[in-house]
Amino acid sequence: GQQLNQSPQSMFIQEGEDVSMNCTSSSIFNTWLWYKQDPGEGPVLLIALYKAGELTSNGRLTAQFGITRKDSFLNISASIPSDVGIYFCAGQKFGNEKLTFGTGTRLTIIP
Amino acid sequence: DAGVIQSPRHEVTEMGQEVTLRCKPISGHNSLFWYRQTMMRGLELLIYFNNNVPIDDSGMPEDRFSAKMPNASFSTLKIQPSEPRDSAVYFCASTSGSTYNEQFFGPGTRLTVL
């Protein structure tokens, strides 16, 4: 099935650094979501975006819904150890409950 | 409030055996999704139900896989017979009509088929 392309695949950063990741698609989505998955757990919703151009924050996290509706990005400011995990974007088309997930970005914080 | 509950958390079985995974969605949620996660293929939607009715099973890999939702609080995913390539983490997620795109995931079942 279709997957969204996420980049980078993995990131190795030091605590306190800012993080930026993005997600692109060849088709349009009407809703973009960002999830985080901790080891041994299911993904947990971080941010939901419903409108092209929308910029939404959740604490140190900021996400944007691309104007073309084919992309989204997630920024994390001043990273902390608990930010470690895999981040997934997901897109949803209008009138369809199905989510299409990205390939994931694995974030590691170097001591 | 209890989240999505899945059982078992881990399952190890031998090739050819039947495997049944169970899911209890969040109370009041009317849509339920089964996903499979592997390193190679990422997170794939297998099937989803709305009001206990299967809506889209296009992601079910083959006839060995079947899913049921006999009532609003219980669903099963069955693999018969199981094969080593079925080894993966299987997630169940649920959502309500009011926030239909905010899916809440269970902790997953890690399946290993030897």
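Residues numbered from 1 in each chain as written. Chains lettered and ligands numbered in written order. Predicted model: local features only at pLDDT ≥ 70, side-chain atom pairs only at ≥ 80, totals over all residues. Heavy atoms only, no water.

## A few points about the sheet that holds strand β7 (residues 65-71) of chain B
All names here are of chain B.
So, point 1. Across the sheet, four strands lie side by side as β1-β3-β8-β7; this open sheet has antiparallel pairing. Each end of this open sheet is capped by a strand with a single partner; those strands are β1 (5-7) and β7. Sheet twist, expressed as the average angle between the axes of neighbouring strands with direction ignored, equals 15 degrees.
So, point 2. For strand β3 (residues 19-24) and strand β8 (residues 74-79), the ladder comprises five bridges, and the chain directions are antiparallel. Residue Leu21 lies in a different strand from β8, and its bridge partner there is Leu77. (Pairing = 2+ DSSP bridges. Helix = DSSP H or I, 4+ residues; strand = E, 2+ residues; numbered from the N terminus. Axes fitted to C-alpha atoms, helices over the stretch in contact; angles between N-to-C directions.)

## Some details on the environment of B:Glu102
So, point 1. Along the chain, B:Glu102 falls in the loop between β9 (88-95) and β10 (104-105).
So, point 2. Distance from B:Glu102 to B:Arg22, taken between C-alpha atoms, is 21 Å for residues 80 residues apart in sequence.
So, point 3. In this structure B:Glu102 touches A:Leu33, A:Tyr35, A:Leu45, A:Ala48, A:Tyr50, B:Ser94 and B:Thr95, once residues within four positions along its chain are discounted.
So, point 4. A polar contact is formed between the side chain of B:Glu102 and the side chain of A:Tyr50, at a distance of 2.8 Å. (Contact = heavy atoms within 4.5 Å. Polar contact = N/O pair within 3.5 Å; in protein donor to acceptor, adjacent residues only side chain to side chain.)

## Let's talk about the interface of chain B and chain A
So, point 1. Taken residue by residue, the interface counts 22 residues in chain B and 19 residues in chain A.
So, point 2. When chain B packs against chain A, close to 1,700 Å² is buried across both sides, 47% of that on carbon and sulfur atoms.
So, point 3. In this structure, the connection of chain B to chain A is made through one salt bridge.
So, point 4. With a closest N to O distance of 2.9 Å, B:Asp56 and A:Lys98 form a salt bridge.
So, point 5. Here chain B and chain A share eight residue pairs in polar contact (both at pLDDT 80 or more) between them.
So, point 6. For the side of chain B that touches chain A, the elements supplying multiple residues, two or more each, are β4 (31-38), β5 (42-50) and β9 of chain B.
So, point 7. The dominant element in the side of chain B that touches chain A, judged by the number of residues it contributes, is β5(B), at five residues.
So, point 8. Within the side of chain B that touches chain A, the residues separate by chemical class into nine nonpolar, nine polar and four charged. (Buried area = accessible area lost by both parts, 1.4 Å probe. Salt bridge = Lys/Arg side-chain N within 4 Å of Asp/Glu carboxyl O. Nonpolar A, V, L, I, M, F, W, Y, C, P; charged D, E, K, R; others polar.)

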